[in-house]
Amino acid sequence: MIFLVAFFGINLYLNSVQSEKEVKYSGYISPDPQLKSNGYEIKLYKDKTYRINEYWHGESRHYFGKYEFENNLLTLHDERISEKTEELLTSKYKYNSIKKYFEPIDKGFPKLKLKNKE
């Protein structure tokens, strides 16, 4: 019981801290841009941290980490991100400033579409 209370308390704290951060880019990988079915949403914050939300059938899971964005190359600092996201996200993307999306460096991954287009 104490474990559950602590778990939910930590989860609420992390969610509130993340919600106050300033977002640089917000993107998604899903057949549905409103993420009503399965999909992943990623928020890149201006403090060089990220949050990935995984959605499926009304449930969600979250992944946190740090990233670099230099010379239009996005690098997520998590070597296991592909494993965690069922091979839908990878750790390196090239930003296409004309079409406003992130294209994966490695073949076989979908593009990371942007919600906000700076």
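Residues numbered from 1 in each chain as written. Predicted model: local features only at pLDDT ≥ 70, side-chain atom pairs only at ≥ 80, totals over all residues. Heavy atoms only, no water.

1. A few points about the packing of aromatic side chains
To keep it simple, the criterion reads: Whether two aromatic rings pair depends on their centres lying within 6.5 Å, for rings of Phe, Tyr and Trp, where Trp uses its six-membered ring; planes under 30 degrees apart make the pair stacked, over 60 edge-to-face, and the rest tilted. We count a stretch as a helix when DSSP gives it H or I for four or more residues in a row; a strand needs E for two or more, and each element gets its number in order from the N terminus. Three exposure classes are used, based on accessible area relative to the maximum for each residue type with a 1.4 Å probe and protein chains only: buried under 20%, partly exposed in between, and exposed over 50%. Sitting over a ring, as applied to charges here, requires NZ of Lys or CZ of Arg to be within 6 Å of the ring centre and within 35 degrees of the ring normal.
The full count for this structure, using the stated rule, is 6 aromatic pairs. On the basis of an interplanar angle of 50 degrees and a centroid distance of 5.6 Å, the ring pair of Tyr25 and Tyr95 is categorised as tilted. Taken as a pair, Tyr25 in strand 1 (residues 23-29) and Tyr95 in strand 6 (residues 92-96) lie far apart in primary sequence, 70 residues in all. For the pair Tyr25 and Tyr95, one class covers both residues: buried. Taking the centre distance of 5.0 Å and the plane angle of 45 degrees together, the rings of Tyr95 and Phe102 count as tilted. Like Tyr95, the residue Phe102 is buried in the burial classification. Members of the aromatic cluster, joined through ring pairs, are Tyr25, Phe69, Tyr95 and Phe102. Taking NZ or CZ as reference, Lys21 lies 5.3 Å from the ring centre of Tyr45, over its face.

2. With respect to the sheet that holds strand 2 (residues 39-45)
Pairing between the strands of a sheet is mediated by backbone hydrogen bonds and can be parallel or antiparallel. Using the following cut-off: Two strands pair under a simple rule: DSSP has to find at least two bridges between them. Only C-alpha atoms enter the line fits that serve as axes; for helices the fit covers just the stretch in contact. Angles between N-to-C directions range over 0 to 180 degrees.
Pairing is antiparallel in the closed barrel, where 8 strands are placed in the order 1-2-3-4-5-6-7-8. The mean inter-strand angle of the sheet, taken between neighbouring strand axes irrespective of direction, is 30 degrees. With 2 bridges connecting them, strand 1 and strand 8 (residues 112-114) associate as antiparallel partners. If you follow Tyr28 over to strand 8, its bridge partner there is Lys113.

3. Some points on the nonpolar core
Put simply, the test is: Here, the term nonpolar core denotes a set of buried Ala, Val, Leu, Ile, Met, Phe, Trp, Tyr and Cys residues that are joined through side-chain atoms within 4.5 Å.
In terms of nonpolar packing, the biggest core is built from 19 residues, with Leu44, Tyr50, Ile52, Leu74, Leu89 and Phe102 touching the most fellow members. For this core, the elements supplying multiple residues, two or more each, are strand 1, strand 2, strand 3 (49-56), strand 4 (59-70), strand 5 (73-76), strand 6 and strand 8.

4. What about the side chain of Ser82?
Selection criterion: Only heavy atoms matter for contacts: two residues are in contact if any of them lie within 4.5 Å across the pair.
Among the secondary structure elements, Ser82 is positioned in helix 2 (residues 81-84). Among the residues examined, Ser82 registers a relative accessible area of 15% and is labelled buried. Leave out the neighbours within four places in its chain, and Ser82 touches Glu87, Leu89, Thr90 and Phe109.

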